[in-house]
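Coordinate inspection notes
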Amino acid sequence: AAVGATVRVGLDPAALQQGIVDHLRYSIGQLPALATPAHYYRALALAVRDRLQDRWIRTTETYFEQERKLACYLSAEFLLGPHLANNLLNLGLEEAARGALAALGQDLDTIIDCEPEPGLGNGGLGRLAACYLDSLATLAYPAVGYGIRYEFGIFAQQIRDGWQIERTDKWLHAGNPWEIAKPDICYEVNWGGHTETYADEAGLQRVRWVPFRVVKGLAYDTPIQGFGVDTCNTLRLWSAEAVESFDFQAFNTGDYFEAVEAKLRSETVTKVLYPNDEPAIGKRLRLAQQYFFVSCSLQDMLRILDLAGVPVERFAERYAVQLNDTHPSIGVAELMRLLIDERHLDWDQAWAITVAAFGYTNHTLLPEALETWSLPLFRECLPRHLEIIFEINRRFLDQVRARFPGDEARVARMSLIGEVGDKQVRMAHLASVGSHAINGVAALHTDLLENSVLADFHELWPERFSNKTNGVTPRRFLALANPGLRALLDRTLGTDWLVDLTALRRLEAHIEDPAFRSEWRAIKHANKRRLADYIATQTGVELDPNWLFDIQVKRIHEYKRQHLNLLHILTLYRRLKADPGLGIPPRAFIFGGKAAPGYFLAKRIIKLINAVAGTINADPEVNERLKVAFVPNFNVRNAELIYPAADLSEQISTAGKEASGTGNMKFMLNGALTIGTLDGANVEIREQVGDENFFLFGLTADEVARLQRQGYRSADWLDSHAELRAVLDMIGSGHFASGDSEVFRPLVENLTDSDPFLVLADYAAYVACQERVASAWSDPERWTRMAILNTARCGRFSSDRAIREYADEIWGLQPVAVSAHI
Ligand code: 26Y
């Protein structure tokens, strides 16, 4: 027995090696002589999962026994990134794995690279959910992540002829060694049809939903191991499957083929992640995805409550349910339906439970990103929920009228049903009314939320609002991503920074030590070398690690203003062409990010970046001072190469548009300086590092709003700035498109005619600020001091801090120590 157990749980290299060999043989069935790194990856992953298994089971058991409150994080996206290296880190198994593989003639880094990345998210919001899972487990909070097991995650981006091409992401192709299917944990989810009233045994009138279709949701669980603790939480993702009996009964005319087709239709629900991250186009399938995973998750919570013998009346004492944006906000109506129609609670009791259970996190102020559903579509898909929403609304608007008598304009503004144009269900209003806590994701964002989109709600319920500034996990984004810096920190400070990021403050004592600064620079240089090698193999562009690495990686969006960055590059280009002796420090401009496949201008911006790169990199008159590279397929894996290699972090959104940003924090953590506007969490980053260590430029959110109110005219900015005009003319002339003056015309016209994100208004300030960057860079000792200070002051931006705030102030959640006794 001891021998068998060792193979499964032993943490020494020999036991792990045996585990790998066993999995290669018994789970994978591969001859060792023919095993490729991909086979070794799966074998190691399974061996590591074995080592998580006791902790995982013990954690679940502990939560069940101790009858403690559980946080349920509902998110349509979890942008996890590769698991293997993270699990090795969190289990303290990195050296054992390296040794075990070496004994088998394999290299750990090569094996780690074989893992397909679970990219079940678009960007910031999905990655935030993943960072929060890491922190929840590390801080030993009882928590479950609930989401969707998309068969295809975010598309893989290729660049062909400078254009973005999307390829499907077949991340499950070779199987997924991290998940465990739990086919016995499954729920039926209704869709469409109509409702009926009936009288129950006691003669009470009740409502029954007679659906058009029923889909089954199956649970797939993934372990989320905390760092340095035995806590191993669960991410439970739902996969859609047809309810056979239902479909086959419906087609008892014998049309087997149609029945199979119906089955396929059911299973499309979890096929693919919608690759849009801002404009919320109300597609039926997206509503189906949202309702599907939320219904499964709430049914699961109720089942677990039943198993524990806890009466449903105590739901909110046992669960804190957090809505990651409005995507899961149909949960408010679904919990009401489950409590009233299925558990037969009365309205007031059900409503008190619902509001006490839910919290709502808002991630955007952009009006076009606020989710609404057309009323006819909503009625057709979720007829019972619409009735419930009408009733919630009726009671809610009574409250508004009682509080603000005679203010019908306010009633119309606050209604859950919008009546501008076609009627719609407003999901942000549903989430706000149905939650006891509403939060923004950075101080400025929360402020704007309280004073703009949710101002009426803030006036009615100020006590519901709070700020929870985002955070990122230092385990993945420093320890894993930047092994060189990790070693220096461990040597200098010890290792507690991994679980207490404010410990990095102690770095400040070393800033004046020239030897320390030179070590710091050597690490940064090696990271830049590593990235340059990657970029060379991916794009053929050769970058020199001695140059300033100026990086902007994030989704491509007009409001994020990658084109402002381009205007600066082209300004330098023109200046250099005019004066080849110009003394500017050499810079590599690095971009990365995906555009939503239907976002016309964003795709042109990618094309323009690549066109400018092609021209500049090939021009010997400038390419000893400037280079431009676009890293294809920005994802979690290559992000881990990119952040540690940055000297300068570009955070240049139009003030008031970026809710928080989290890339800004990942750069800071790795010692990059920020050039940025007073937007999102930039404001707080600047507060932490001080004005003199942050390159600030541009209009403030107030100024942006004022300008737009007064009627912003981009032409005014053009007239007063000859250099800007010349740059735009150059883009428009076809200079970067072999004379084709059509490709970039829409981009240029967008800026000259409307410029919705005030690129031209901020241009001069941005270029001037970049000159300050250049001058700071020319003093390497000064730059290094500033870089160290950035890392030293990033403690606040740990997701551990953010999660503690959610736990204390929204969820009322206590940590629960788990001991796996092994
Ligand atoms: C409705 C649907 C089309 C949709 C899907 C995804 C809408 C929005 C999104 C994703 C939004 C998102 O990623 N927002 C970002 O959230 C981060 C975490 O809070 C913020 O740091 C970032 O500023 C914000 O843009």
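What counts, and where the lines are drawn
- Within any chain, residue numbers begin from 1 and follow the written order of that chain's sequence.
- Local features are withheld for residues below a pLDDT of 70 in this predicted model, meaning they are given only at 70 or higher, and side-chain atom pairs are given and counted only at 80 or more; totals for whole chains, interfaces and linings count all residues.
- UniProt positions are given in the numbering used here, feature names are shortened, and annotations may be inferred rather than shown by experiment.
- Defining nearness, a residue is near a molecule or strand when the C-beta atom obtained from its backbone falls within 6 Å of it.
- Side-chain classes are defined by residue name, with Ala, Val, Leu, Ile, Met, Phe, Trp, Tyr, Cys and Pro counting as nonpolar, Asp, Glu, Lys and Arg as charged, and the others, Gly among them, as polar.
- The start and end points of each domain follow an automatic or database-based domain assignment.
- Under the definition applied here, buried Ala, Val, Leu, Ile, Met, Phe, Trp, Tyr and Cys residues are grouped into a nonpolar core through C-beta atoms within 7 Å.
- Here exposure depends only on C-beta density: within 10 Å of a residue's C-beta, 20 or more other C-beta atoms make it buried, 12 or fewer make it exposed, and intermediate numbers make it partly exposed, the C-beta atoms being placed from the backbone.
- Under the DSSP-based scheme used, a helix requires at least four consecutive residues in state H or I and a strand at least two consecutive residues in state E, with every element numbered from the N terminus.
- Contact criterion: two residues are in contact if their C-beta atoms, reconstructed from the backbone, are within 7 Å.
- Two strands are said to pair when DSSP picks up at least two bridges between them.
- The length a helix should cover is 1.5 Å for every residue beyond the first.
- Along the arc lie the directions from the helix axis toward the C-beta atoms.
- Only the contacting stretch of a helix is used when fitting its axis, a line to C-alpha atoms as for every element, and angles between N-to-C directions run 0 to 180 degrees.
- Each angle receives one of four descriptions, namely roughly parallel if under 35 degrees, roughly antiparallel if over 145, roughly perpendicular if within 65 to 115, and oblique otherwise.
- Definitions for this section: a left-handed crossing has its near helix turned counterclockwise from the far helix by less than a right angle. A right-handed crossing has that turn clockwise.

Per an unreviewed UniProt entry, the protein chain is named Alpha-1,4 glucan phosphorylase, and its organism is Thioalkalicoccus limnaeus. The protein chain has a UniProt comment under Sequence similarities (unreviewed entry) that states "Belongs to the glycogen phosphorylase family." The UniProt entry for the protein chain carries the following comment under Cofactor (unreviewed entry): "pyridoxal 5'-phosphate".

Close to the ligand lie 21 residues, the nearest being Gly124, Leu125, Ala280, Ala659 and Ser660. Partitioning the shell around the ligand into residue classes produces six nonpolar, eleven polar and four charged. Residue-level mapping places the shell around the ligand at the junction of two domains, with at least three residues from each of domain 2 (67-82 + 117-469 + 805-811) and domain 3 (547-791).

Attention now goes to the nonpolar core. Of all hydrophobic cores here, the largest spans 245 residues; its most connected members are Leu44, Ala71, Cys72, Phe292, Leu608, Ile609 and Val612. Top element by residues in this core is helix α3 (residues 37-66). It accounts for eleven residues. Contact partners of alanine 71, with chain neighbours within four places excluded, come to Leu136, Tyr141, Pro142, Ala143, Ala320, Gln322, Trp811 and Leu813.

Mapping histidine 83 onto the fold places it in the loop between β2 (78-79) and α4 (84-91). Sequence separation of histidine 83 and alanine 288 is 205 residues, and the distance between their C-alpha atoms is 29 Å. In this view, histidine 83 contacts Glu115 and Trp178; residues no more than four positions away in its chain are not counted.

We now examine the sheet that holds strand β15 (residues 417-418). Spatially, the three strands line up as an open sheet ordered β14-β16-β15, and their pairing is antiparallel. Strands at the two margins of the open sheet, each flanked by one partner only, are β14 (372-374) and β15. Here three bridges tie β14 to strand β16 (residues 424-426), and the two strands are oriented antiparallel to one another. What sits directly across from serine 374, in β16, is glutamine 424.

Along its twelve residues, helix α30 (residues 722-733) runs 16 Å from first to last C-alpha, staying within 8% of the 16 Å computed at 1.5 Å per residue. Residues of α30 that are buried: Leu724, Val727, Leu728 and Ile731. On an axial view of α30, the arc spanned by its buried residues comes to 95 degrees, and they lie on one face. Opposite the buried face of α30, at more than 90 degrees from it, the exposed residues are Ala722, Ala726 and Asp729.

For the rest of this paragraph, the subject is the pairing of strand β9 (residues 205-210). The element β9 is barely covered by neighbouring structure, given that only zero of its six residues are classed as buried. Adjacent in sequence and paired antiparallel, strand β8 (residues 194-199) and β9 are bridged by five residues, among which glycine 203 carries a positive phi angle near 80 degrees.

Next up on the list: the packing of helix α2 (residues 13-28) against α3. At a minimum axis distance of 8 Å, the contact between α2 and α3 shows a crossing angle of 115 degrees. Relative to α3, the element α2 is oriented roughly perpendicular. As for how α2 packs across α3, the hand of that crossing is right-handed. For the pair formed by α2 and α3, the contact residues are Leu16, Gly19, Ile20, His23, Leu24, Ser27 and Ile28 on the first element and His39, Tyr40, Arg42, Ala43, Leu44, Leu46, Ala47 and Asp50 on the second. Class assignment of the residues belonging to the contact of α2 with α3 gives a composition of nine nonpolar, four polar and two charged.

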